[in-house]
Amino acid sequence: MGRARGRGARREGPGRARLPLRRSLLGRLLAVSALVAACSVAATAWIAVQTTSGAIRQEQGQNLTADARIYDTLLEYAARNPTWDGVGATVRKLARESGRRVALTTQGRQPLADSATGESAPPLPPQASAVVDPLSVDTVLAARGADGQGTGADRIDPRAVGPFRLSSADSRALRRTADDKVACLNRAGIASDVVVGASGRPRVQIVGNDPERALGTRCDLAALDAPTRSEREALDALTELADACLKRQGREGVRLNNDLSWGDPAPGAVPDEPGALAPRPVPAPRDAPAERAAPSVEMPEMTGERDRAIASCVGTARSEQLSSYVASPALLFIGDEGGATLPGFDLSPANTARIAGAAALVLALTVGASVFAGARLVRPLHALTGAAQRMRDGEQPASVPVSGDDEVGRLAAAFNDMSAHRARLEEQRKAMVSDVAHELRTPLSNIRGWLEAAQDGLADPDPAFVSSLLEEAVLLQHIIDDLQDLAAADAGALRLHPEPVDVRELLGQVAAAHQARAENAGVTLAVTAPAPGPALSADPVRLRQAVGNLVSNAVRHTPEGGRVTLRAFVAGPDASGPFVAGPGASEPYAPEEGGGTVVIEVTDTGSGIPADDLPRVFDRFWRAEKSRSRRTGGSGLGLAIVRKLVEAHGGTAEATSTEGEGSTFALRLPGARGCPAPDGMTTAF
């Protein structure tokens with residue numbers, strides 16, 4: 001508790017220390033700005049990294065696709081040609097189409113072909129992109145054929161057919177047979193096409209997912225399944241090579257079928273592919289299917305050690321048989337024209353330093369801008385805080401500079417208005433204290449003087465003496481009562497007892513109460529109001545007090561022979577001007593629903609009030625006469641009490657005056673519903 005009080009004392013003392021940066025508005029603004037800047041930098045960096053990585057992946061994917069196409073083209077060349085002679089034209093064409101450098105060397109790195117010619121060609125990278133070997137295909141870069149199948153289980157390119165390639169005569173004869181079979185099937189309502197494999201052997205492909213439909217027709221497809229003489233010779237040679245491999249392992253020989261399987265041959269199988277009538281999707285006319293190799297090892301699931309040995313020997317035999325028909329293995333180099341092999345994103349220490357420097361620069365700029373903006377924002381707030389503290393300490397309030405029309409500028413303007421209003425209130429308070437002291441001093445001084453004179457034997461306590469003291473005591477009591485009424489009104493504690501009031505009757509009572517004073521002053525009092533008068537709900541005592549103060553003030557300021565008129569009428573909510581009932585009124589008054597507004601006016605023919613003084617007539621202790629004599633100017637509280645009493649009834653008080661002609665004071669009060677119609681009457685006293 002002691003520490004808490006100490007902190008509070010430091011906060012509220014005149015020498016208040018500045019807030020710590022972490023608790024000040026400037027500190028919070030800097031923290032938020034730095035956080036926003038850091039998040040912005042992080043988000044920008046993340047987006048940049050993601051975008052760059054995506055672009056790199058996309059470029060790498062495109063390069064990989066181009067590399068696979070280059071590899072597949074060269075692999076086809078190697079599968080169809082026994083040497084690399086003449087491959088230079090193909091290499092240059094691939095380089096032009098891909099926009100990259102393509103080079104082929106032997107496994108000893110002796111050049112075979114290179115798209116980059118001349119002495120300015122950069123050296124080849126130490127590692128090759130791939131090895132082009134049709135007998136050992138790279139399964140990652142190997143391109144799939146148009147029929148959707150890739151290399152066989154032995155990794156031999158399907159386009160390497162070697163001795164299984166048909167002669168032109170055999171291929172033409174089989175093609176004519178295949179065309180006849182397709183025509184036969186079409187006449188039977190079965191759609192089919194002729195597909196030519198890599199060896200030149202045609203086969204019939206049924207369109208649809210039910211190839212067995214061709215079995216029920218007269219279109220015999222067996223003629224296309226019979227191997228030619230060259231195919232039988234190649235198959236026999238392959239079988240001998242496989243048997244030799246098995247014998248070296250101490251195993252029995254094997255008889256290979258046309259589809260290079262062993263055991264019972266599959267019906268209708270040919271060396272081109274397993275199952276000549278297997279369902280295949282029909283390619284679009286513009287997408288001719290790629291050729292496939294005739295011999296492809298399609299082995300059933302290995303279930304024993306013998307089958308594994310046969311499969312190994314068949315693969316070895318195929319490689320040995322095809323080695324003289326395909327080109328030797330070569331190293332393939334694919335890269336950019338400048339020598340780079342693959343694009344990448346290297347976040348080196350230099351790149352990291354550049355990114356960190358850019359982020360630090362952004363943060364520094366953000367913090368600097370925040371400091372500048374925060375200082376401009378906090379400076380007027382500090383000025384407001386200092387002015388408020390000086391005002392709290394009792395110093396003379398001073399206005400703070402208004403720098404603009406923004407929120408802080410409007411706050412400063414509102415503070416200046418409040419400060420000026422407070423200064424005016426302080427002046428009024430001081431003036432009120434002085435006025436109260438002056439008003440109380442006069443009767444008290446008179447009473448004291450009379451009592452001292454009686455004590456000294458200079459005055460006899462006769463009835464006149466006592467009457468004089470009583471008069472001064474009554475004046476003193478009036479001042480105290482007026483101050484008490486004002487204090488109750490200011491505090492909202494003024495008690496009202498509203499009841500239906502006949503305004504005409506109330507004005508008559510007030511006029512009768514002031515008749516004697518008016519006659520002594522030679523002033524005529526008159527009441528002009530409808531009979532019965534307008535009805536309203538009000539406290540009759542307080543309302544008589546308000547109207548009485550106005551009448552007393554009017555009689556005091558009206559010269560002999562003058563006239564004071566009390567008038568009441570009802571003004572409707574939408575009326576452009578008041579309706580006054582008087583003698584000769586031809587139509588009865590009928591107020592609108594809601595009662596309208598009851599207006600009570602007190603008009604005199606006195607000296608009037610100067611225009612400069614008119615706004616101050618309802619101020620406390622203000623008098624038209626500057627002599628401040630109570631006997632000529634009153635206490636200066638009467639009109640202030642009138643305004644408070646009328647406002648307590650929900651009404652307003654206003655004054656109009658023409659100097660030298662007289663003044664009119666009007667009280668506007670909310671009227672009651674259902675006022676009776678007037679008959680018009682003027683009563684003079």
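The following refers to the structure shown. Once a new chain begins, its residue numbering starts again from 1 and follows that chain's sequence as written. Owing to the predicted nature of the model, reporting of local features is limited to residues with pLDDT of at least 70; listing and counting of side-chain atom pairs is limited to 80 or more, with chain, interface and lining totals taken over all residues. Calculated side-chain values reflect all of the structure's heavy atoms, with hydrogen atoms and water omitted.

On to the nonpolar core. Grouped burial of nonpolar side chains is what soluble globular proteins tend to show. Nonpolar core, defined: a set of buried Ala, Val, Leu, Ile, Met, Phe, Trp, Tyr and Cys residues in which side-chain atoms within 4.5 Å join the residues together. Per-residue accessibility, obtained with a 1.4 Å probe over protein chains only, is compared with the maximum for each type, and a residue is labelled buried under 20%, exposed over 50%, and partly exposed between these values. Leu507, Val547, Leu566 and Leu667 are the most contacted members of the largest nonpolar core, which has 49 residues in total. Numbering of helices and strands runs from the N terminus, with a helix taken as a DSSP run of H or I at least four residues long and a strand as a DSSP run of E at least two residues long. At seven residues, helix 12 (residues 540-557) tops the list of elements feeding residues into this core. Two residues form a contact once any of their heavy atoms are found within 4.5 Å. Each residue touching valine 547, except ones within four places of it in the same chain, is listed here: Leu506, Leu507, Val510, Leu566, Ile600, Val602 and Leu667. Core analysis: the next-biggest nonpolar cluster, separate from the first, contains 22 residues, Ala95, Val102, Leu104 and Ala327 among them.

Time to look at unusual backbone geometry. Even without glycine at this site, arginine 109 takes up a positive phi of about 65°. Inspection of the secondary structure assignment puts arginine 109 in the loop between strand 1 (101-106) and strand 2 (111-114). Take arginine 109: its relative accessible area is 37%, and that puts it in the partly exposed class.

Time to look at the packing of aromatic side chains. Between the rings of Phe, Tyr and Trp (Trp by its six-membered ring), a pair exists once the centres lie within 6.5 Å; its type follows the angle of the planes, with under 30 degrees stacked, over 60 edge-to-face, and the other angles tilted. In this structure the tally under the stated criterion is two aromatic pairs. Relative to tryptophan 84, the ring of tyrosine 77 lies with its centre 6.0 Å away and its plane at 15°, an arrangement referred to as stacked. Here tyrosine 77 falls in the buried class, since its relative accessible area comes to 15%. Owing to a relative accessible area of 8%, tryptophan 84 belongs among the buried residues under this scheme. Ring centres 6.2 Å apart and planes at 80° place the aromatic pair phenylalanine 618 and phenylalanine 665 in the edge-to-face group. You can see phenylalanine 618 sitting in the loop between strand 11 (597-604) and helix 13 (630-633) and its partner phenylalanine 665 sitting in strand 13 (residues 662-670), a full 47 residues away along the chain. Comparing phenylalanine 618 with phenylalanine 665 shows no difference in burial state: the two are buried.

With respect to the element layout, leucine 550 can be found in helix 12. Residue classification places leucine 550 among the buried positions, given a relative accessible area of 3%. For the pair leucine 550 and threonine 603, spaced 53 residues apart in sequence, the C-alpha to C-alpha distance is 9.2 Å. Dropping the residues within four chain positions of it, leucine 550 is found in contact with Val602, Leu639, Val642, Phe665 and Leu667.

This part covers the pairing of strand 2. With three bridges connecting them, strand 1 and strand 2 associate as antiparallel partners. By the bridge assignment for strand 2, leucine 104 is matched with alanine 113. Being paired, for any two strands, means DSSP has found at least two bridges between them. Linking two consecutive strands that pair antiparallel, namely strand 1 and strand 2, is a turn of four residues; a positive phi of about 65° is found at arginine 109 within it.

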